Amino acid sequence: MSSGEFVSQCTADSLARVAQLLKDGGLVALPTETVYGLGADATNSSAVARIYKVKGRPADHPLIVHIYSMQSLGDWADEIPSYAISLARDFWPGPMTLVLKRSILAEDFVTGGQPTVGLRVPGHAVALALLAAFENIGGQGIAAPSANRFGHVSPTTAQAVQEELGEYLEGKDQILDGGPSNVGVESTIIDCTTEAPRILRPGAITIQMVEESTGLKVSTIETDIRVSGSLENHYAPSAIVNLNRIPIAGEGFIALAEIQTPEKVIRLASPKNVDEFARVMYSALRDADAKGLNSVVVAEPAGDGLALAIRDRLMRASKGR
Ligand code: TXA
Ligand code: MG
């Protein structure tokens, strides 16, 4: 099955066709700047149900609804605080998801029964073009979790989506190829239902950026909301992920370029800085599996900002599957 049959390039024609496919209840994997998403019409319960089936994800985990612009915020959310508007204005399109009180448009099947909805305007030309084409034919939003099997590494290329989900997709479904994701880790999730914003999942939009935008003190919170990305075993390859020790012969190794590779160790990535680390991390973990390695060692980058998001994902990946 996994022969590339679902993958298509992006032309104006194909985007209009794919938007119609979404409207008709099909699934479309789409590129975003963070990771690839598995998209469905966010107002179509049976299409959204297929996302859960293809991912193997529990039905009570909420999905992020992707919208074309902040103009549509009010369609999906009620009681939007002014600080959320500042965030949307400053960081959309971009790697940030806002959790807001849901409107009646956001039904249980997309929010996992939560009284809130996660919303994001992705910063990727193809994703935005698809959202525009979808709006043109009356679409209101695309529900899309990361396009991986539940608990597994998020895909940052169309080929990785094909490998993850190819055998679970159906004839009419599509994977849009928009090149490798530029950021490489999932969006920052910000709870905007309280007096001040709370970061539920760290990402490329950092605490400092959120504080500067809103003028409010931001907290980082372990939540009782079902954020599946906050489960401990997540983002994991089949290989065992070990953190911050010296790798031995036969192990894979991911570290900043300045760190040498010990003898007989298989170097999987040598990013030059933290941004590049985020960009290549998931494909390097996939590469470990493709090479049949049992074990990978990752030397985590220090510091806050994006490094914090990298360490958050690696900590979970290291808990195994
Ligand atoms: O960068 C991203 O956010 C990517 C791209 C495709 O947009 N999407 C993504 O989706 O990472 P997913 O489903 O793999 O992770 C989204 C996380 C989940 O852990 C989910 O529980 C949480 O967002 N989430 C969604 N709606 C929520 C809500 N209303 N309240 C709290 N958490 C929510
Ligand atoms: Mg995910």
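Quick caveat, the model's predicted, so the values are computed rather than measured.

What counts, and where the lines are drawn
Residues numbered from 1 in each chain as written. Chains lettered and ligands numbered in written order. Predicted model: local features only at pLDDT ≥ 70, side-chain atom pairs only at ≥ 80, totals over all residues. Heavy atoms only, no water. Pairing = 2+ DSSP bridges. Helix = DSSP H or I, 4+ residues; strand = E, 2+ residues; numbered from the N terminus. Axes fitted to C-alpha atoms, helices over the stretch in contact; angles between N-to-C directions. Expected span 1.5 Å × (residues − 1). Buried < 20%, exposed > 50% of the residue type's maximum accessible area, 1.4 Å probe, protein only. Contact = heavy atoms within 4.5 Å. Near = heavy atom within 4 Å. Polar contact = N/O pair within 3.5 Å; in protein donor to acceptor, adjacent residues only side chain to side chain. Areas by Shrake-Rupley, 256 points an atom, 1.4 Å probe, with all protein chains shown as cover. Salt bridge = Lys/Arg side-chain N within 4 Å of Asp/Glu carboxyl O. Domains from an automatic or database assignment. Buried area = accessible area lost by both parts, 1.4 Å probe.

### Comments concerning the sheet that holds strand S13 (residues 240-243)
Phase 1: Spatial strand order, S13-S16-S14-S15: four strands in an open sheet with parallel pairing. Edge positions in the sheet fall to S13 and strand S15 (266-269), since each of these pairs with one other strand and no more. Across the sheet, the mean angle from the axis of one strand to that of its neighbour is 30°, orientation sign disregarded.
Phase 2: Relative to strand S16 (residues 295-298), strand S14 (residues 252-254) runs parallel, the two sharing three bridges. Paired with Ile254 across the two strands is Val298, which belongs to S16.

### Quick look at unusual backbone geometry
Phase 1: The omega angle of the peptide bond from Trp92 to Pro93 is -10°, so this bond is cis rather than trans.
Phase 2: Position of Pro93 relative to the elements: it lies in the loop between helix H4 (82-91) and strand S6 (96-102).
Phase 3: Residues other than glycine seldom take positive phi values, yet Glu79 does so here, at roughly 50°.
Phase 4: With respect to the secondary-structure elements, Glu79 resides in the loop between strand S5 (77-78) and H4.
Phase 5: Phi is positive for Lys264, close to 65°, though the residue is something other than glycine.
Phase 6: Inspection of the secondary structure assignment puts Lys264 in the loop between S14 and S15.

### Some thoughts on helix H10 (residues 306-317)
Phase 1: Over its 12 residues, H10 extends 17 Å from the first C-alpha to the last, a length consistent with the 16 Å expected when each residue adds 1.5 Å.
Phase 2: The element H10 is largely enclosed, with a buried count of nine among its 12 residues.
Phase 3: Looking at H10, one finds that the buried residues are Leu306, Ala307, Ala309, Ile310, Asp312, Arg313, Leu314, Arg316 and Ala317.
Phase 4: Tucked into the core, H10 has its buried residues touching strand S11 (198-201), S13, helix H9 (274-290) and S16.

### A short note on the site of ligand 1
Phase 1: As a matter of local geometry, ligand 1 sits amid 25 residues, with Thr34, Arg57, His66, Ser146 and Ser187 nearest to it.
Phase 2: Side-chain polar atom of Arg120 to an oxygen atom of ligand 1: 3.1 Å apart, as the coordinates give it.
Phase 3: In this structure, Ser146 approaches ligand 1 through a side-chain N or O atom, which is 2.8 Å from an oxygen atom.
Phase 4: When ligand 1 sits alone it has 670 Å² of accessible area, and the protein chains cover 98% of it.
Phase 5: Listing elements by their share of the shell around ligand 1, those giving two or more residues are strand S4 (64-66) and strand S7 (116-120).
Phase 6: Ranked by residues supplied to the shell around ligand 1, first place goes to S7 with four residues.

### Quick word on the pattern of salt bridges
Phase 1: One pass over the structure, following the stated rule, counts 14 salt bridges.
Phase 2: The closest approach of N and O atoms between Glu251 and Arg245, which form a salt bridge, is 2.7 Å.
Phase 3: The exposure class assigned to Glu251 is buried, which follows from its relative accessible area of 6%.
Phase 4: You can call Arg245 partly exposed: its relative accessible area is 36%.
Phase 5: By sharing partners, the salt bridges in this structure join Glu186, Asp312, Arg313 and Arg316 into a single network.

### Details of the domain arrangement of the protein
Phase 1: Each domain of the protein was delimited in the assignment, giving domain 1 (5-214) and domain 2 (240-318).
Phase 2: Put simply, the middle of domain 1 and the middle of domain 2, counted by C-alpha atoms, are 27 Å apart.
Phase 3: Contacts between the two partners involve 22 residues from domain 1 and, on the opposite side, 16 residues from domain 2.
Phase 4: It is Val153, Val185 and Pro202 in domain 1 that bury the most area against domain 2; as a group they hold 36% of the surface buried on that side.

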